[in-house]
Amino acid sequence: MDLSIVVPLLNEEESLPELEAWIRRVVEKEKYSYEIIMVDDGSTDGSWSVISKLSAANPNIKGIKFRRNYGKSAALNSGFQAAKGEVVITMDADLQDSPDEIPELHRMITKEKYDLVSGWKKKRHDPLSKTIPSKLYNNVVRRMSGIKLHDFNCGLKAYRNPVVKSIEVYGEMHRYIPLLAKWAGFGRIGEKEVIHRARKYGQTKFGMSRLITGFLDLLSIFFVGKFGKKPMHFFGALGTLSFLAGFGILTFLSVKKLIYHEFGIAERPLFFFGILTLIIGTQLFVTGFLAELVSRNGADRNKYLIEEEINLHPEASLLDSLKPTYPKVKR
Ligand code: UDP
Ligand code: MG
């Protein structure tokens, strides 16, 4: 199959028929074999019955319905698990992303050999309260990650199939998929300017809380990415510094008291500072230990992604652990 289009949606009943018709027009013109996976993220309107109707008329439409609202990341993740196409394209359901971009995205993945191509809404049709924080945020992520994208959170993205099978999008991590891909070893990340349109029906599903949660997620994703597998390198280093500082200070004060018989040691601010850093140091150290224990028990503590193998017995092959739906590379 050439193409899987994954559409996460929450209460988008008015948009779906138009979206489906438009996608169909584009992909049939290009003669792709395709599937559209609509993931209903716990809609409370008629979205699911619209999907049922659409899929009855067009068997290329597939649906997944969540029991309740789990969030866009979960919706994308389950769509990714189901996707069979060589190229996987994600697209918002609200008609803000244009299906006319599909052929060029498909070409960039198949011909220019990108692992991931992210849309860039250069001219956005969103309120200022959204575009200004977004500029700032993209700047920070670009600097911290070293990935040269203007628009990390664009809903319109295209992937090579192995990429979506290799990453796990959870929580609110859909904002950072290019980072997840890079860390999974898929470094050819490109960008395409895309047309963005104003929302036609319904309203945005993300409020201002996205500013705070987005920032916290950014911190945790960088922490997990850098120290997730070796937390002691972070906590231990800080803890040791702090502990040594405290130990040094208290030793110095003890010498003053015991050898030089200085009075009033316990009234000096330095005394309290020494105790404080000693305690914090110990706590950081203990935290590091606990974090090590936790990460050592994590299911993916030894997860690595294998790209190719030579001469391995089929039973010994590790490629299967990826459950690839794309052809294995054989030599
Ligand atoms: N969405 C979803 N689950 C959620 C929130 C949003 O599947 O919990 C979908 C939504 O239906 C839309 C896409 O994610 O297809 C992007 O959401 P929205 O358009 O509200 O975001 P915005 O464009 O305002 O950033
Ligand atoms: Mg939208």
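Owing to the predicted nature of the structure, the values given are computational and were not obtained by experimental measurement.

In this section: the nonpolar core. Of all hydrophobic cores here, the largest spans 33 residues; its most connected members are L3 and I102. Those elements that provide at least two residues to this core are β1 (3-9), α1 (15-30), β2 (34-40), α2 (47-57), β4 (87-90) and α4 (102-110). Here this core takes 6 residues from α1, the largest share from any one element. Not counting the four nearest positions on each side in its chain, I102 is found in contact with L3, I5, I23, V26, Y32, I89 and M91. One finds F66, L149, V163 and A181 within the second-largest nonpolar core, a separate group that totals 31 residues.

A separate point is the site of ligand 1. Taken together, 18 residues surround ligand 1, and among them D41, D94, K130, T204 and K205 come closest. A distance of 3.2 Å separates an oxygen atom of ligand 1 from a polar backbone atom of L9. Classifying every residue of the shell around ligand 1 by side-chain character gives 5 nonpolar, 4 polar and 9 charged.

Before going further, it helps to examine the coordination of the magnesium ion (ligand 2). Ligation of the magnesium ion (ligand 2) by protein atoms is provided by D94 (OD) and Q96 (OE1), these donors lying 1.9 Å from the ion. Q96 matches D94 in its accessibility class, with the two residues each being buried.

Taken in spatial order, the 7 strands make up an open sheet running β3-β2-β1-β4-β6-β5-β7, and their pairing is mixed. If you trace the sheet from one side to the other, it starts and ends with β3 (61-65) and β7 (189-193), each paired once. Strand-to-strand twist of the sheet, defined as the mean angle between neighbouring strand axes without regard to direction, takes the value 20°. Where strand β5 (residues 116-120) and β7 come together, 5 bridges link them in parallel fashion. Note on β7: the bridge partner recorded for S118 is E191. On the sheet, α1 packs against β1, β2 and β3 and is oriented at approximately 160° with respect to β2.

We note that L95 has phi near 70°; this positive angle belongs to a residue other than glycine. Residue class for L95 comes out buried when judged on its relative accessible area of 0%. The backbone of K113 shows a phi angle near 60°, a positive value even though the residue is not glycine. Tracing the sequence through the fold places K113 in the loop between α4 and β5.

Here helix α3 (residues 72-82) lies mainly inside the structure; 8 of its 11 residues are buried. Of all the residues in α3, the buried ones are K72, S73, A75, L76, N77, S78, G79 and F80.

It is worth spelling out the side chain of R210 at this point. Examined against the element boundaries, R210 turns out to sit in helix α8 (residues 209-227). Other than its neighbours up to four places away in sequence, R210 contacts K130, N153, R175, T204 and F215.

Take the pattern of salt bridges next. Inspection of every chain in the model, using the stated rule, returns 19 salt bridges. Between D94 and R199 there is a salt bridge whose closest N-O contact spans 3.3 Å. Of the two residues, D94 is situated in the loop between β4 and α4 and R199 in the loop between β7 and α8; the sequence distance between them amounts to 105 residues. We classify D94 as buried; its relative accessible area is 4%. Ionic pairing is found between R107 and E112, a salt bridge with its closest N-O pair at 2.7 Å. Classification of R107 by relative accessible area gives partly exposed; the value is 33%. Connected via shared salt-bridge partners are E12, D94, R199 and K205.

Two faces, one strand: in a regular strand the side chains alternate between the faces of the sheet. In terms of residue burial, β1 counts as a mostly covered element, since 7 of its 7 residues are buried. Neither face of β1 is open: one carries L3, I5, V7 and L9, the other S4, V6 and P8, and all of them are buried. By the bridge criterion, 7 bridges tie β1 to β2 in an arrangement that is parallel. Residue P8 lies in a different strand from β2, and its bridge partner there is V39. One crossover worth recording links β1 to the parallel β2 by way of α1, and it is right-handed. Bridge analysis of β1 against β4 gives 4 bridges, and the strand direction is parallel. In the sheet register, L3 faces β4, and the bridge partner there is V87.

With the rule as written, the count across this model stands at 12 aromatic pairs. Ring plane angle 45° and centroid distance 5.7 Å describe the contact between F223 and F227, whose orientation is recorded as tilted. With F223 and F227 both in helix α8 and 4 residues apart, this pair spans about one turn of that helix. With relative accessibility at 27%, the residue F223 sits in the partly exposed group. Ring centres of F285 and F289 lie 6.0 Å apart, and the angle between their planes is 70°; this geometry places the pair in the edge-to-face category.

The rules behind these values
Residues numbered from 1 in each chain as written. Chains lettered and ligands numbered in written order. Predicted model: local features only at pLDDT ≥ 70, side-chain atom pairs only at ≥ 80, totals over all residues. Heavy atoms only, no water. Core = buried A, V, L, I, M, F, W, Y, C linked by side-chain atoms within 4.5 Å. Buried < 20%, exposed > 50% of the residue type's maximum accessible area, 1.4 Å probe, protein only. Helix = DSSP H or I, 4+ residues; strand = E, 2+ residues; numbered from the N terminus. Contact = heavy atoms within 4.5 Å. Near = heavy atom within 4 Å. Polar contact = N/O pair within 3.5 Å; in protein donor to acceptor, adjacent residues only side chain to side chain. Nonpolar A, V, L, I, M, F, W, Y, C, P; charged D, E, K, R; others polar. Donors = N, O, S within 2.8 Å, 3.2 Å for Na, K, Ca; no water. Pairing = 2+ DSSP bridges. Axes fitted to C-alpha atoms, helices over the stretch in contact; angles between N-to-C directions. Salt bridge = Lys/Arg side-chain N within 4 Å of Asp/Glu carboxyl O. Right-handed = clockwise from strand over helix to strand, strands pointing away. Phe/Tyr/Trp six-rings, centres within 6.5 Å; stacked < 30°, edge-to-face > 60°.

Geometric values such as these leave the question of function open.
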